[in-house]
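# Inside the fold
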Amino acid sequence: AFDKVFASLFSNMGLEKSMFHVIYPFLNNIGILWMTGNIIPAQEHFASNIIRNKIFSAIDALPKTGNVHGKKIILFCPPGEYHEIPLLLIQYLLKRRGISYIFFGVNTSLDLIQEYLSVHQATHLFFHMITNFTNKDPLHFIEETMQAIPEISIVASGPVFSNLQTEMEGVRILRSISELLEFVNE
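These lines cover the structure that appears in this document, whether it is placed above or below. Keep in mind the model is a prediction, meaning the values are calculated, not measured.

### Some thoughts on the overall build of the protein chain
Of regular secondary structure, the protein chain possesses seven helices and five strands. Scaling as 2.2 N^0.38, a compact globule of 186 residues should have a C-alpha radius of gyration of about 16 Å, and the protein chain matches this with 17 Å. In the protein chain, buried positions account for 45% of the 186 residues. Sequence separation of at least 24 residues holds for 72% of the intrachain contacts in the protein chain that already meet a minimum separation of 6. With 13 positive and 17 negative side-chain charges, the protein chain shows a separation of 12 Å between the mean positions of the two kinds.

### Details of helix α1 (residues 2–13)
The α-helix advances 3.6 residues per turn, and as a result positions three or four apart in sequence lie on the same side. The end-to-end C-alpha separation of α1 is 16 Å, in line with the 16 Å expected for 12 residues at 1.5 Å each. Every buried residue belonging to α1 is among F6, L9 and F10, and all of these are buried. Buried residues of α1, viewed axially, fall in a sector of 95 degrees; they line one side. Away from the buried face of α1 by more than 90 degrees, exposed residues K4, S11 and N12 are located.

### Details of the packing of aromatic side chains
Scanning the model with the defined rule gives 11 aromatic pairs in all. Judged by centre distance (5.5 Å) and plane angle (85 degrees), the rings of F104 and Y116 are edge-to-face. Remark: Y116 occurs in helix α5 (residues 110–117) and F104 occurs in strand β2 (residues 100–105); sequence separation between them is 12 residues. Given the relative accessible area of 15%, Y116 is considered buried. One aromatic cluster is present, formed by F2, F6, F26 and F46 through successive ring pairs. The ring of F183 has K71 lying over it, and the distance from NZ or CZ to the ring centre is 4.6 Å.

### Things to note about the environment of L181
Tracing the chain through its elements places L181 in helix α7 (residues 177–185). Measuring from C-alpha to C-alpha, the distance between L181 and L93 comes to 8.3 Å, with 88 residues separating the pair along the chain. If we ignore the near neighbours within four places in the chain, the residues touching L181 are E16, F20, L93 and R97.

### As for the packing of α1 against helix α2 (residues 15–35)
Where α1 meets α2, the axes come as close as 7 Å, and the angle between the chain directions of the two elements is 140 degrees. With respect to α2, the element α1 is oriented oblique. Relative to α2, α1 is oriented so that their crossing is right-handed. Contact residues: α1 offers F2, F6, L9, F10 and M13, while α2 offers L15, K17, S18, M19, H21, V22, I23 and F26. Taken together, the residues of the contact of α1 with α2 sort by class into 10 nonpolar, two polar and one charged.

### Points about the side chain of T108
Along the polypeptide, T108 turns up in the loop between β2 and α5. Polar side-chain contacts of T108 include one of 3.5 Å to the backbone oxygen of F104. Apart from residues lying up to four places away in sequence, T108 is in contact with F76, C77, P78, P79 and I113.

### Here we look at the nonpolar core
Counting 33 residues, the largest nonpolar core has M19 and F126 as its most contacted members. Contributing elements (two or more residues each) for this core: α1, α2, α3 (41–61), β1 (72–76), α4 (85–96) and α7. Apart from residues lying up to four places away in sequence, F126 is in contact with I73, I74, L75, F76, I90, V155, S157, L174, L180 and F183. Counting residues in hydrophobic clusters, the runner-up holds 21 residues, among them F141, A156, L164 and V171.

Conventions we followed
- Residues numbered from 1 in each chain as written.
- Predicted model: local features only at pLDDT ≥ 70, side-chain atom pairs only at ≥ 80, totals over all residues.
- Heavy atoms only, no water.
- Helix = DSSP H or I, 4+ residues; strand = E, 2+ residues; numbered from the N terminus.
- Rg over C-alpha atoms; globule rule 2.2 N^0.38 Å.
- Buried < 20%, exposed > 50% of the residue type's maximum accessible area, 1.4 Å probe, protein only.
- Contact = heavy atoms within 4.5 Å.
- Lys, Arg positive; Asp, Glu negative; His and termini not counted.
- Charge placed at Lys NZ, Arg CZ, Asp CG, Glu CD.
- Expected span 1.5 Å × (residues − 1).
- Arc of directions from axis to C-beta.
- Phe/Tyr/Trp six-rings, centres within 6.5 Å; stacked < 30°, edge-to-face > 60°.
- Lys NZ or Arg CZ within 6 Å of the ring centre and 35° of its normal.
- Axes fitted to C-alpha atoms, helices over the stretch in contact; angles between N-to-C directions.
- Parallel < 35°, antiparallel > 145°, perpendicular 65-115°, else oblique.
- Left-handed = near helix turned anticlockwise from the far one by under 90°.
- Nonpolar A, V, L, I, M, F, W, Y, C, P; charged D, E, K, R; others polar.
- Polar contact = N/O pair within 3.5 Å; in protein donor to acceptor, adjacent residues only side chain to side chain.
- Core = buried A, V, L, I, M, F, W, Y, C linked by side-chain atoms within 4.5 Å.

Below is the structure:
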């Protein structure tokens with residue numbers, strides 16, 4: 001039944017509107033219920049898996065296009081971050097707009113990205129953080145990334161950045177869904 005509801009939602013509203021207006025609020029509520037002990041992690045994983053599969057299908061259904069924007073973006077979540085759904089949504093948004101990307105996924109070390117960049121080029125590093133299970137300062141991760149991989153633009157998004165007020169050259173922090181859409185639509 002859950003799968004049928006989401007299938008209907010995606011077919012009626014499309015992926016983007018479904019994600020922003022229904023799924024994200026749903027996932028936020030699930031997260032609150034999980035943190036307060038009102039649901040078990042298996043329930044969150046059940047819902048997340050169905051949502052992930054729908055996004056995978058939507059990404060696969062998009063036609064391949066050339067790099068029409070001249071950008072090549074490396075998508076990843078830093079070490080300790082395992083929430084994949086926002087990263088998959090960003091992947092969908094980029095592919096839909098013809099922006100070239102490499103998807104590294106969750107829990108990705110900077111060493112792995114450095115190794116990739118020693119052979120390939122990219123214009124941006126884009127990472128997303130929902131939680132801070134590592135208890136590292138998100139700003140410290142940005143600084144660490146800038147030191148490890150200089151000369152590349154950094155884009156950071158996610159709830160851990162929503163109240164971060166900083167201006168750093170070569171770094172763009174997306175604090176909301178509207179700022180995310182603005183970035184991918186540029």
